[in-house]
Amino acid sequence: MFKIKVIIGFNTMLALILTGCVVKNDISNNQIIATEDLSSGEFCDYSVGNASLLYSNRKVGMAGNEIIFAINMNGRGTLNKCSEKGDNQQILYEHKAGYISNINVSGNWIIFALTETKQDVYKYNICKLKIDGSCFERIYETRIEDMWVYGNNIYFSKYSKEGATGIFNMDMDGKNVKLLFDKENIWFEIYNKKIYCMDLGELTVEDDDVDLFQLDIGEGGREVQKLATFKKMSGRMDRVSLKEKDVYYLDVDDGRLYKTDIYNLDTTLLSTGVSEFCIQNNKIYCIKWSDTEKKDNFCVLDLDGTYLKSIRSGNMKKGYNFNGVLGGWGYFTSDSIKCINIK
């Protein structure tokens, strides 16, 4: 591993993870102060990293011991379920001219985004479906960029050419829609009745600051607090997630995976040849090119970049998108789902 002293400002596409405390930043001297431990908090249960969102827009979710997944091929979209290892596959919902993404599972409901096409006219809806395949309903018409279900509320940002716009919430029936945060080009996630949002600035302005906000969505209201300001991270940032104290990001141009400590801004080069990654179970799961074998490997690294093992050798990306890790399995989707035991 190599250590590099940097100020955060990279010409790269990033997957950002501030990995157990909420942080405040004294903007005047750029020091970050821990204020609250989040390590045992209530999180949205998804892999973090560029695998589950950037390439496949989160098409795999978990409902108990079953996997809910979307397959979109030749203009046809299906919502399916199977066991963790891919057995007992069943189609729950089919749209012959649709595209399904942004899967969330809450109780007995699957919440997802549906894009419908008819004679080159696109229609966008947030929909819900029971996990037994019954009670399909379009609950709100909008084109979203990202969506999370937390408690009895749906939180989403809208699509725009300037990046994700605004943070909205509504109830599970698509009613009582409220604008919580009015910014363009943002990413957000939710932990412990709080929204953590990164304002990425204007896409065309490389020297914009990047601001991290906390929104309290508990019974006390919607107080907004700025937690930190970073130097501009040029290029697109494809994921924001808060856990502990480190920023993990991927430079997809050269396949370098880095980690930056937000307290002292030390940056460590963790691995090279990486095309996709996610962090789950306190480990890094990634697609990594092997120079010796001349092919991709699905492998696991420690959080400090130590190579632990190869899970599956071969061209894992051929025809399939890596959707991340849930439980003890890694998931890849194309015209079907591929489930790989990571233990």
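Everything below is about the structure printed above this text.
As the structure is a computational prediction, the values presented were derived from the model and not from experiment. (Residues numbered from 1 in each chain as written. Predicted model: local features only at pLDDT ≥ 70, side-chain atom pairs only at ≥ 80, totals over all residues. Heavy atoms only, no water.)

**Considering the environment of Thr142**
For the record, the criterion: By definition, any uninterrupted DSSP run of H or I lasting at least four residues is a helix, any uninterrupted run of E lasting at least two residues is a strand, and each is numbered from the N terminus. Exposure classes here rest on a 1.4 Å probe applied to the protein chains alone. A residue is buried below 20% of its type maximum, exposed above 50%, and partly exposed in between. Note on contacts: a residue pair is in contact if any heavy atoms of the two residues lie within 4.5 Å.
Looking at the element boundaries, Thr142 is found in the loop between β12 (137-141) and β13 (144-150). Accessibility expressed as a relative area gives 12% for Thr142, which makes it buried. C-alpha of Thr142 to C-alpha of Ser157: the two residues are 15 residues apart in sequence and 9.8 Å apart in space. Setting aside its immediate chain neighbours within four residues, Thr142 contacts Tyr124, Asn125, Ile126, Phe156 and Lys158.

**Observations concerning the nonpolar core**
Keep this limit in mind: Nine residue types can take part in a nonpolar core, namely buried Ala, Val, Leu, Ile, Met, Phe, Trp, Tyr and Cys, and a core is a set of them joined through side-chain atoms within 4.5 Å.
Within the largest apolar cluster, 15 residues are counted, with the highest numbers of intra-cluster contacts made by Tyr155, Ile167, Phe188, Ile190 and Ile195. Breaking this core down by element, the ones donating at least two residues are β13, β16 (178-184), β17 (186-191), β18 (194-199) and β19 (210-216). The dominant element in this core, judged by the number of residues it contributes, is β17, at three residues. Setting aside residues up to four positions removed in sequence, Tyr155 forms contacts with Asp146, Met147, Trp148, Tyr150, Phe168, Asn169, Leu180, Phe188, Ile190, Ile195 and Ile217. Within the second largest apolar cluster, 13 residues are counted, among which are Ala70, Leu79, Ile103 and Leu114.

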